[in-house]
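Listed below are the residues making up each chain.
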Amino acid sequence: MDRERGESEDNLDYSVANVEKALHQLYYDPNIDNKNLAQKWLMQAQVSPQAWQFSWALLSPNKVPEIQYFGASALHIKISRYWSDIPSDQYETLKSQLFNQIACFASGSKIVLTRLCVALASLALNMMPERWPNAVGDMVKMFQTESSDVDGKARCMALLELLTVLPEEFQTSRLPQYRKGEVRNALAQESGAVFPLLQQLLQTDSPVFISQKALKCFSSWVQLDVPLLDCECLMQASFTSLHNAELFDTAVEALVNAISQPDAQRYVNTLLKLIPQVLQLQEQLRQAVQNGDMETSHGICRIAVALGENHSRALLEQVEHWQTFLALVNMIMFCTGIPGHYPVNETTSSLTLTFWYTLQQIKCFFLGRVDISDTLMYVYEMLGAELLSNLYDKLGRLLTDTEQASSWQHIEACLYGFQSIAETNDVNYSDVIPGLIGLIPRINISNVQLADTVMFTIGALAEWLADHPVMINSVLPLVLHALGNAELSISSVSTLKKICRECKYDLPPYAANIVAVSQEVLMKQIHKTSQCMWLMQALGFLLSALQVEEILRNLHSLISPYIQQLEKLADEPPNPSNKLAIIHILGLLSNLFTTLDISHHDDEPEGTEAKKKPTLQGPNPVVVVLQQVFQLIQKVLSKWLNDAQVVEAVCAIFEKSVKTLLDDFAPMIPQLSEMLGQMYSTIPQASALELTRQLVHIFANDPTHFVPVKALFLLVTSVTLSIFQQGPRDHPDIVDSFMQLLAQALKRKPDLFLAENCDVKALFQCGVISLKFPEAPTVKATCAFFSELLARCREVQPIGLVVHENGKLLLQAILEAIGGQAPRSLMDHFADILFALNKHCFTYLSIWLKEVMQQQNFPSSRLTQGQKETFSQQILRDRVNKRRVKDIVKEFTLLCRGLHGTEYAAEY
């Protein structure tokens with residue numbers, strides 16, 4: 001206590017009481033200056049040595065969730081950022097304490113549980129693999145052990161939450177470069193302890209919320225590049241889950257992530273097994289299109305396109321399976337032709353465009369030689385290195401024969417053999433590849449097809465080059481030279497992108513030349529738009545491996561011409577030509593910032609510790625550039641605010657930057673929030689709402705950025721309310737995005753609705769209006785908003801008051817929709833609101849149901865009073881089984897529409 005008094009005199013008293021006092025000030029003090037002071041003080045407290053003491057005390061069961069959350073966050077910060085300060089003899093104690101706290105919160109606050117899981121995940125990553133060799137297996141055993149204090153379902157959910165955040169924490173961890181590879185390998189091996197558990201949960205009759213969490217966990221782990229072969233059983237379970245409406249969206253994400261893995265093309269047999277499973281979704285897809293169910297059609301299309309877009313070349317090589325691949329192409333063609341007006345009542349067709357573009361780039365001469373490639377692959381399976389040696393000898397003779405000039409076709413055929421084998425097999429241990437790399441520069445390229453194959457062969461060897469960096473200089477000049485040839489656009493740009501991605505830590509000596517050549521071809525406009533974007537992504541990978549000063553120098557050189565051009569365009573009157581140029585430049589910046597990541601090193605090879613860069617001091621280079629061009633972007637917006645495409649392109653720059661930079665994006669929050677607010681206040685557009693939603697999702701829970709994010713949220717809310725007053729019917733995209741924003745805010749930071757200038761009643765009324773929109777996505781987003789809102793009735797007083805005063809209007813609107821005013825495909829979403837009303841407002845619902853059902857001919861003239869009373873009793877009785885409530889609503893809507901018992905209804 002004497003020590004604490006001494007620190008108090010120096011404003012360093014980070015006691016439990018003072019931390020709680022500061023948190024109360026941050027959340028509830030109306031004075032902005034006081035909030036800012038509290039925020040700065042809390043940031044210092046989190047990194048202080050005393051955090052080890054007050055964090056555990058703040059997790060006490062008698063504290064409110066906001067205080068507990070701060071304690072859990074402080075633990076995570078100490079573990080993730082100050083690991084070296086923790087004595088090694090304290091590791092086991094810390095591990096045990098975290099396990100105990102997670103067990104305590106298994107049935108408690110979800111946000112606190114998640115933060116504790118993230119803290120334990122960070123601990124595990126820092127201890128793996130030497131100090132905690134079986135970390136994942138130990139986690140599974142720990143939570144599978146019977147405990148009288150925690151019921152089985154809560155233990156299961158806590159375990160799934162821990163397993164889900166572990167790969168996510170790895171992706172954003174600050175592990176040293178040399179440790180990344182070790183930990184990634186250890187995690188990949190420990191998937192064997194996770195996947196059987198997930199498979200068991202998905203194959204048994206588990207509650208929906210557990211199945212959903214298991215699918216999310218699977219989706220998280222596949223992003224660690226787990227071999228696709230090991231994912232087969234869980235992918236099968238995911239396909240089965242697509243037939244459950246509550247699991248559909250999560251299952252789609254899991255399947256798309258698994259199929260889209262970079263290394264998935266290595267497992268051709270598994271990919272071939274996936275095609276029939278995707279084709280079996282065609283009937284579900286047709287029904288969704290027929291019923292106007294855009295979410296279902298969109299999800300199924302995503303799966304089909306992911307398979308076709310990522311693996312067309314690998315699948316086309318399997319000649320004996322050409323009919324199944326053709327069936328997949330026809331399915332994607334059906335998706336392209338889905339009727340409707342994009343993006344109002346149809347959002348699927350645009351997903352397929354990249355597939356068609358990818359497919360048309362696969363040369364016709366390639367299709368005619370697939371059978372030869374297959375034969376080579378079969379021979380390689382038998383002969384292995386001997387086949388490569390024969391190919392190498394043949395190529396060597398062709399290139400060194402001085403008596404007779406060799407035809408380009410013979411040379412190209414040998415290279416194609418190497419390309420085919422290297423794309424699907426590990427050739428790292430082949431002793432002929434160095435010789436091949438030495439021969440390639442000797443090829444006299446006299447034909448475009450030969451040049452294309454040279455490029456694709458080099459690209460197929462990018463991983464080999466990463467392990468043998470001394471050979472990069474033998475082929476890189478060829479690739480850079482090919483960049484200047486428009487006919488080699490796709491092959492040269494894609495090959496450079498592969499090299500920059502795989503070999504970026506060995507490219508700094510060549511960086512200046514790569515940037516100079518790339519800049520030259522970009523300014524000469526040799527490549528089409530899509531290849532320009534790929535080239536910018538390649539440069540982003542390249543710059544990520546440089547020192548900060550070099551990054552800034554190269555960024556200045558690379559971007560300056562475009563900034564000058566953008567400045568000129570900003571001064572000119574708007575016209576269609578200028579618009580295309582502006583969107584092109586903004587797209588180049590977006591794609592550059594997508595891959596320019598100096599803080600994360602997910603793909604670093606082992607042994608890169610010698611190349612480790614110093615800790616970043618000051619703002620991230622991307623942030624520096626964004627701050628430099630910020631006023632120019634504002635100037636462009638002032639001329640083009642009424643053009644949705646330009647606004648979307650501007651928002652895309654910041655959206656992709658914030659996704660890549662995460663915490664490093666923080667310096668941009670104040671000015672971006674202000675600009676977004678000005679944009680939306682002048683001419684409201686959906687893309688601004690989408691970016692606001694992302695800022696709320698990432699930063700609303702961070703005390704440091706709560707004030708500007710809150711101000712932005714309240715501003716866009718106020719502007720959108722004025723749109724509703726004027727008539728929102730002409731803005732379904734804005735209404736859709738607004739409802740998604742409100743739902744996200746309720747999930748991440750319900751305190752936003754406590755603000756004095758947040759008119760909760762008006763938001764409630766806007767939701768009721770939105771429920772009656774004809775666009776299905778808007779209605780679904782609104783239903784999600786109400787489900788989140790009703791769940792906050794007890795914890796947020798203004799919400800509770802509004803619901804109690806106006807809930808009857810909401811019930812009336814829902815029953816009108818069920819009664820026949822909304823498509824039957826939306827009934828599950830309306831049932832979600834009824835379930836939430838019953839769960840959180842049971843007393844009021846019983847009164848409201850009785851009152852509204854007494855209205856004559858409501859909700860349908862086809863109903864008897866007895867049928868209405870039966871429905872009311874069934875709804876009030878089912879407060880736990882959401883699936884049952886959905887079935888009740890489906891039966892009732894058939895009665896309302898006069899379809900119950902008909903053959904048409906039986907098919908429904």
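Just so you know, these numbers come straight off a predicted model, no measurement behind them. Counting starts from 1 at the beginning of each chain's written sequence and moves along it residue by residue. Where totals are concerned, whole chains, interfaces and linings use all residues; where local detail is concerned, this predicted model gives features only for residues with pLDDT of at least 70, and gives and counts side-chain atom pairs only at 80 or more. For the side-chain quantities, the full set of heavy atoms in the structure was used; hydrogens and water were omitted.

So, the packing of helix α36 (residues 706-726) against helix α38 (residues 760-770)
Consideration 1: Axis lines are fitted to C-alpha atoms, over the contacting stretch for helices. Their N-to-C directions set the angle, which ranges from 0 to 180 degrees. Working definition: helices are DSSP H or I runs of at least four residues, strands are E runs of at least two. Numbering for both runs from the N terminus. Orientation of α36 relative to α38, taken along the N-to-C sense of each, is 50°, at an axis distance of 11 Å. As judged from the angle between their axes, α36 and α38 are oblique. Along this stretch, α36 crosses α38, giving a crossing that reads as left-handed. Side by side, α36 and α38 meet where Thr 717, Leu 721 and Phe 724 of the first sit next to Ala 762, Leu 763, Cys 766, Ile 769 and Ser 770 of the second.
Consideration 2: For this classification, Asp, Glu, Lys and Arg are treated as charged, while Ala, Val, Leu, Ile, Met, Phe, Trp, Tyr, Cys and Pro are nonpolar and the rest, including Gly, are polar. A breakdown of the residues in the contact of α36 with α38 according to their chemical character gives six nonpolar, two polar and no charged. When an angle is under 35 degrees it counts as roughly parallel; over 145 it counts as roughly antiparallel; between 65 and 115 it counts as roughly perpendicular; any other value is oblique. Here a crossing is taken to be left-handed if its near helix is turned anticlockwise relative to the far helix by less than a right angle, and right-handed if that turn runs clockwise. Contacts: residue pairs with any heavy atoms within 4.5 Å of one another.

Describing the confidence of the model for the protein chain
Consideration 1: Of the residues in the protein chain, 90% have a pLDDT of 70 or more, and the chain-wide mean is 85.
Consideration 2: pLDDT: the predictor's confidence for each residue, scored from 0 to 100. When the criterion is pLDDT under 50, residues 601-615 qualifies, and its contacts beyond four places in sequence or with other chains add up to 33 contacts.
Consideration 3: Across residues 903-908 the pLDDT falls below 50, and counting only partners more than four positions away or on other chains, this stretch makes nine contacts in the model.

Quick look at the state of the cysteines
Consideration 1: The criterion for a disulfide is a pair of cysteine sulfur atoms lying within 2.5 Å. Using the criterion set out here, one finds zero disulfides in the structure.
Consideration 2: Unpaired in terms of disulfides, Cys 335 finds its nearest cysteine sulfur in Cys 301, a separation of 3.7 Å.
Consideration 3: Not engaged in a disulfide, the cysteine Cys 793 finds its nearest cysteine sulfur in Cys 841; these two sulfurs lie 3.8 Å apart.

Topic: the side chain of Ser 560
Consideration 1: Note that Ser 560 resides in helix α30 (residues 548-571).
Consideration 2: Taking relative accessible area as the criterion, Ser 560 reaches 17% and is therefore assigned buried.
Consideration 3: The term polar contact refers here to a pair of N or O atoms within 3.5 Å; inside protein, the definition further demands a hydrogen-donor-capable atom paired with an acceptor-capable atom, and it admits residues adjacent in sequence only when both atoms are side-chain atoms. Within the structure, the side chain of Ser 560 is placed 2.4 Å from the backbone oxygen of His 556, a separation counted as a polar contact. Think of it in three bands: with a 1.4 Å probe and only protein chains considered, a residue is buried below 20% of the maximum accessible area for its type, exposed above 50%, and partly exposed in between.

A closer look at the side chain of Gln 39
Consideration 1: Assignment of secondary structure puts Gln 39 in helix α3 (residues 32-47).
Consideration 2: The class of Gln 39 is buried, set by a relative accessible area of 8%.
Consideration 3: Excluding residues within four positions of it along the chain, Gln 39 makes contact with Leu 26, Pro 703, Thr 704, His 705 and Phe 706.

Here's the deal with the environment of Thr 250
Consideration 1: Within the element layout of this structure, Thr 250 appears in helix α13 (residues 248-259).
Consideration 2: What makes Thr 250 buried here is its relative accessible area of 10%.
Consideration 3: Considered as a pair, Thr 250 and Ser 211 are 39 residues apart in the sequence and their alpha carbons are 9.6 Å apart.
Consideration 4: Filtering out sequence-adjacent residues up to four positions away, Thr 250 remains in contact with Gln 212, Leu 215 and Lys 216.
Consideration 5: Among the polar contacts listed, one links the side chain of Thr 250 to the side chain of Gln 212, at a separation of 3.5 Å.

Things to note about the nonpolar core
Consideration 1: In terms of nonpolar packing, the biggest core is built from 191 residues, with Leu 496, Leu 592, Phe 654, Phe 665, Phe 753 and Phe 830 touching the most fellow members.
Consideration 2: Considering each element in turn, this core owes the most residues, 11 residues, to helix α32 (residues 621-640).
Consideration 3: The contacts of Phe 753, once residues within four sequence positions are left out, are Phe 713, Leu 742, Ala 745, Leu 746, Cys 758, Val 760, Leu 763, Val 796, Pro 798 and Ile 799.
Consideration 4: Nonpolar cores were defined as sets of buried Ala, Val, Leu, Ile, Met, Phe, Trp, Tyr and Cys residues, with membership established by side-chain atoms within 4.5 Å. Residues Leu 162, Leu 166, Phe 195 and Leu 281 belong to the second largest nonpolar core, which totals 106 residues.

Description of the pattern of salt bridges
Consideration 1: Salt bridge, as used here, is a side-chain nitrogen of Lys or Arg placed within 4 Å of a carboxyl oxygen of Asp or Glu. All told, the structure shown has 29 salt bridges when counted by the stated rule.
Consideration 2: A salt bridge links Arg 693 to Glu 690; the nearest nitrogen and oxygen atoms lie 2.7 Å apart. Here Arg 693 and its partner Glu 690 are both found in helix α35 (residues 686-699), three residues apart, which amounts to about one turn of the helix.
Consideration 3: Residue Arg 693 is classed as partly exposed on the basis of its relative accessible area of 22%.
Consideration 4: The exposure class of Glu 690 is partly exposed, given its relative accessible area of 28%.

Observations regarding the packing of helix α7 (residues 110-127) against helix α9 (residues 152-172)
Consideration 1: In contact at an axis separation of 8 Å, α7 and α9 are set at 55° when each is read in the N-to-C sense. When the interaxial angle is binned, α7 and α9 end up oblique. Remark: the crossing between α7 and α9 carries right-handed chirality. Across the interface between the two elements, Lys 110, Leu 113, Thr 114, Cys 117, Val 118, Leu 120, Ala 121, Ser 122, Ala 124 and Leu 125 from α7 touch Ala 158, Glu 161, Leu 162, Val 165, Leu 166, Glu 169 and Phe 170 from α9.
Consideration 2: Of the residues belonging to the contact of α7 with α9, the class tally is 12 nonpolar, two polar and three charged.

As for the packing of aromatic side chains
Consideration 1: In this scheme Phe, Tyr and Trp rings, the latter by its six-membered ring, pair at centre separations within 6.5 Å, and the angle between planes marks the pair as stacked below 30 degrees, edge-to-face above 60, and tilted otherwise. Evaluation of the coordinates by the stated rule reveals 14 aromatic pairs.
Consideration 2: Between Phe 99 and Trp 132 the ring centres are 6.3 Å apart and the planes differ by 80°, which places this aromatic pair in the edge-to-face class. With Phe 99 in helix α6 (residues 91-105) and Trp 132 in the loop between α7 and α8 (135-144), the pair connects residues that are 33 residues apart, well separated along the chain. Each member of the pair, Phe 99 as well as Trp 132, is classed as buried.

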